[in-house]
Amino acid sequence: MQPVISLENIWKIYQTGDVEVTAVRDVSLSVQPGEFIAIMGASGSGKSTMMNTLGCLDRPTRGRYLLDGVDASALGRDELADIRNQKIGFIFQGFNLLSRTSALENVELPMMYGGHRLPAKEMRERAMRALELVGLAKRFDHTPNRLSGGQQQRVAIARALVNQPALLLADEPTGNLDSRTSIEIMDAFQSLNEKGITIAMVTHEPDIARYTKRNIVMRDGVIVSDIIVPDRFNAKEEMRKLDEEHQAAKLVK
Amino acid sequence: MKLTATFRIALRALKRNKMRSILTMLGIIIGVAAVIAMVGVGNGAKSQVEAQIATLGKNMILIFSGSMTSGGAKGGWGAAGTMKVEDAVSIVREVPGVTMVSPEIRSGAQVAAGNQNWFTSILGEGPDYFDMRQWEFSSGSSFTEQDTRSANKVAVIGKTTATQIFGEEDPVGQIIRVRNVPFKITGVLKSKGLSLMGSDQDDVLVVPYTTAMKRLTGATSLRGINVQAASDDIMNRVQDQIGALLRQRHNIRPGHDDDFTVRGQQDIAEMATAQSKTMTILLGAIASVSLIVGGIGIMNIMLVSVTERTREIGIRMAVGAHGWDILLQFLIEAVTLSSLGGLIGIAIGFGTAQSISHFVGWPIMVPPMYVIGSFFFSAAVGVFFGLYPAKKAAALDPIDALRYE
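Reading the values: the criteria
Residues numbered from 1 in each chain as written. Chains lettered and ligands numbered in written order. Predicted model: local features only at pLDDT ≥ 70, side-chain atom pairs only at ≥ 80, totals over all residues. Heavy atoms only, no water. 1 Å grid on protein atoms, 1.4 Å probe; cavity = no way out; pocket = protein on both sides within 12 Å on 5 of 7 lines; lining within 4 Å. Points joined across faces, edges and corners; volume = space filled by probe spheres on them. Helix = DSSP H or I, 4+ residues; strand = E, 2+ residues; numbered from the N terminus. Nonpolar A, V, L, I, M, F, W, Y, C, P; charged D, E, K, R; others polar. Phe/Tyr/Trp six-rings, centres within 6.5 Å; stacked < 30°, edge-to-face > 60°. Buried < 20%, exposed > 50% of the residue type's maximum accessible area, 1.4 Å probe, protein only. Lys NZ or Arg CZ within 6 Å of the ring centre and 35° of its normal. Pairing = 2+ DSSP bridges. Axes fitted to C-alpha atoms, helices over the stretch in contact; angles between N-to-C directions. Contact = heavy atoms within 4.5 Å. Buried area = accessible area lost by both parts, 1.4 Å probe. Salt bridge = Lys/Arg side-chain N within 4 Å of Asp/Glu carboxyl O. Polar contact = N/O pair within 3.5 Å; in protein donor to acceptor, adjacent residues only side chain to side chain. Expected span 1.5 Å × (residues − 1). Bend = angle between axes of the 7 residues up to and from the residue. Parallel < 35°, antiparallel > 145°, perpendicular 65-115°, else oblique. Left-handed = near helix turned anticlockwise from the far one by under 90°.

> How would you summarise the layout of surface pockets if you had to cite specific residues and measurements?
The computed volume of the largest pocket comes to approximately 1,100 Å³. For the largest pocket, the lining is made up of 45 residues, of which Ser195(B), Leu196(B), Met197(B), Gly198(B) and Ser199(B) are closest to its centre. When contributions to the lining of the largest pocket are tallied by element, the ones reaching two or more residues are helix H2 (18-54), strand S1 (60-65), strand S2 (98-113), strand S3 (116-125), strand S9 (224-229), helix H9 (265-308) and helix H11 (323-360) of chain B. Here the lining of the largest pocket is built from residues that sort into 24 nonpolar, 14 polar and seven charged. If you add up the space inside the second largest pocket, you get close to 680 Å³. Of all the secondary-structure elements, those providing two or more residues to the lining of the second largest pocket are helix H3 (103-112) of chain A together with helix H1 (3-16), H2, H9, helix H10 (310-318) and H11 of chain B. At six residues, H1(B) tops the list of elements feeding residues into the lining of the second largest pocket. Across the lining of the second largest pocket, the residue classes break down as 13 nonpolar, nine polar and twelve charged.

> Explain the packing of aromatic side chains to me, and be specific about the residues and the numbers.
This structure, assessed with the given rule, holds nine aromatic pairs over all chains. Relative to Phe376(B), the ring of Phe375(B) lies with its centre 5.5 Å away and its plane at 80°, an arrangement referred to as edge-to-face. Residue Phe375(B) is classed as partly exposed on the basis of its relative accessible area, which comes to 24%. Aromatic pair Phe384(B) and Phe385(B): ring centres 5.0 Å apart, planes at 85°, arrangement edge-to-face. Over the ring of Trp11(A) we find Arg62(A), and its NZ or CZ is 4.9 Å from the ring centre.

> Outline the sheet that holds strand S10 (residues 222-228) of chain A, listing residues and values.
Residues and elements named next belong to chain A. The sheet built from six strands is open, its strands ordered S6-S7-S8-S3-S9-S10 with mixed pairing. If you trace the sheet from one side to the other, it starts and ends with strand S6 (88-91) and S10, each paired once. Along the sheet, successive strands turn relative to each other by an average axial angle of 20°, direction set aside. Note: S6 against strand S7 (residues 167-171), four bridges, orientation parallel. Bridging across to S7, Gly89 finds its partner in Leu168.

> Now, about the interface of chain B and chain A: what can you tell me, with residues and values included?
Facing 26 residues of chain B, the contacting portion of chain A comprises 28 residues. When the two sides are added together, the surface that chain B and chain A hide from each other amounts to roughly 2,300 Å², 54% of it contributed by carbon and sulfur. Put simply, chain B and chain A have one salt bridge between them. A salt bridge links Arg12(B) to Glu105(A); its shortest N-O distance comes to 2.6 Å. At the boundary of chain B and chain A, one finds ten residue pairs in polar contact (both at pLDDT 80 or more).

> Describe in detail H2(B), supporting the description with residues and values.
Taking 1.5 Å per residue as the helical rise, H2(B) with its 37 residues ought to reach 54 Å, and the 51 Å between its terminal C-alpha atoms agrees with that figure. The largest bend in H2(B) comes to about 40°, at Leu26(B).

> Can you explain the sheet that holds strand S1 (residues 5-16) of chain A? Please cite residues and give values.
All names here are of chain A. Strand order across the open sheet formed by four strands is S2-S1-S4-S5, with antiparallel pairing between neighbours. Every interior strand has two partners, whereas the edge strands, strand S2 (19-31) and strand S5 (70-71), have only one. As judged from the five bridges shared by S1 and strand S4 (residues 62-67), these two strands associate in the antiparallel manner. When the bridges of S4 are listed, Glu8 appears paired with Arg64.

> An account of unusual backbone geometry is needed here, citing residue identities and associated values.
One non-glycine residue, Phe95(A), adopts positive backbone phi at about 65°. Examined against the element boundaries, Phe95(A) turns out to sit in the loop between S6 and H3. Positive phi, normally seen in glycine, also occurs at Asn180(B), with a value near 70°. Mapping Asn180(B) onto the fold places it in the loop between strand S6 (175-178) and strand S7 (181-189).

> Let's hear about the packing of helix H5 (residues 149-161) of chain A against helix H6 (residues 179-194) of chain A: which residues, and what values?
Residue and element names in this part refer to chain A. Remark: H5 packs on H6, axes separated minimally by 10 Å, with the N-to-C direction vectors making an angle of 20°. One element, H5, and the other, H6, form an angle in the roughly parallel class. Once H5 is placed against H6, the crossing between them reads as right-handed. Every residue of H6 that contacts H5 at Gly150, Gln153, Arg154, Ile157 and Leu161 is listed here: Thr181, Glu184, Ile185, Ala188, Phe189 and Leu192. Taken together, the residues of the contact of H5 with H6 sort by class into six nonpolar, three polar and two charged.

As far as function goes, none of this settles anything; it's purely spatial.
Written as structure tokens, this is what we have:
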């Protein structure tokens, strides 16, 4: 099967004044369809650079990046924008929804751009389906400030899914959420992954990484470990445990 | 991205900061309003003046005695008393293209009939005067050539004077006394309304100029001569030839000032509109300064808006917006701002012109060309001053924009 992500000897070197900083050195990586990976590492390990490269927000200095079979390492600004539009769904730590814009319109946003033009009615239907998938169809007309953090992140997930991308890219998706909501979001990711969607997630929390199938750890711009998660968390199971603990705590009181 | 969707986003962004949007538009609003008001009032004035000029008659040339600019003290038109009846006779005889002349005497006098009296202006004219000025009679007719030759005591009465002295009665055939000299009324003139100077043209009693000279004023010189040319296109030539003839007759050597003034109907129109031209230039200057300042205001606010919405730009770019999409979004926002200001300015301009017209008493006229023109000009201001901020937004790096706090 053709890998979704294929990095071949990727280098990323930043030029800050006279100093050259090598953020990523000679990284190769292959991710197959249906995988759910976590890229981990301390700050400065190169994981943000990896994220930007995988997300086609930035081009590698050297090396080749094939995304869903398309060479994205030598494309121009607008072509990269089209790739992001068609093949990648972004989920950010800060949700990055448009404020004072309804959930539905936020989800419609990716369909507004790119080469294809859908009729307004179909755009709306597709956005509603994406919202249903994350369980927020009822709140389609709410603006982000009327939604909780978890709900906002689920709107962001719906937005990421709406163009049926080859890859979901999540950058610290639980960074701004409490532990309970974090589990909710991981539950959403796990069920999407079960439906066959490939997910790559950047996180520095080992707990969160344990919900994924494969953990890649980076340090100083290189991959130092790449393992299949042995005892994977199941979000539904964890949620039940959390509820039980909560209950127990109440009884003690 | 679809243009309609972009337009909707722009409108929403402007609605979000209502106060700011309105303040930003103010420059454009004032500029466009000034243009519309200026054009409306100016054109109204022009048509008003043209209508008044038309009451003079057709292809009229007015010759005034005495130069308007002779020496330090200006006696006013006709004060010098340099024009003679013989000048009028020689003009009609020697200048080709002159169809009619009417020597003019002007005076003011208390007139009375029965137990009514009224102060009115007394005009001494030739019998052709009414034809020249296309002044029709509501009853009776003009005095005759014979009346003029014999200096008969006959008069034609203006509408205002007739109403003041005779009320509803028909004055034709009645006697009116001017400085105790009885005059027989031969005709009543139709109303001509206000003159260019704002005086009532109907408040008049017209008598033969010979009668005026001999029996009323005792003057031997004329105030001026009314001349009619055969057609519009020979006006300039006729004016020049009259000037040359009069210089010769008055023995004025080259290099010396004329002791008379020759004015064509068009010159009078130009003099009358000169004032409104000054106002037009002044308002035009205000308008253009205001539009430039308004444009700079738009540029300023758009730059602020781009900075404020850096993250939004980042999000849009992350989900696939091209630089062009972002550029268009901000450009449309700037154009919406400026053309909305233009529309409001047009409305306010009409309102202002309307209320000015209330005070000055003439109707306003704004040609549709100016309305369309000022709308498109304000839109163009938006494009011009919105381009730089929009380009700045489009050139943002998506990674930096997403990280912007």
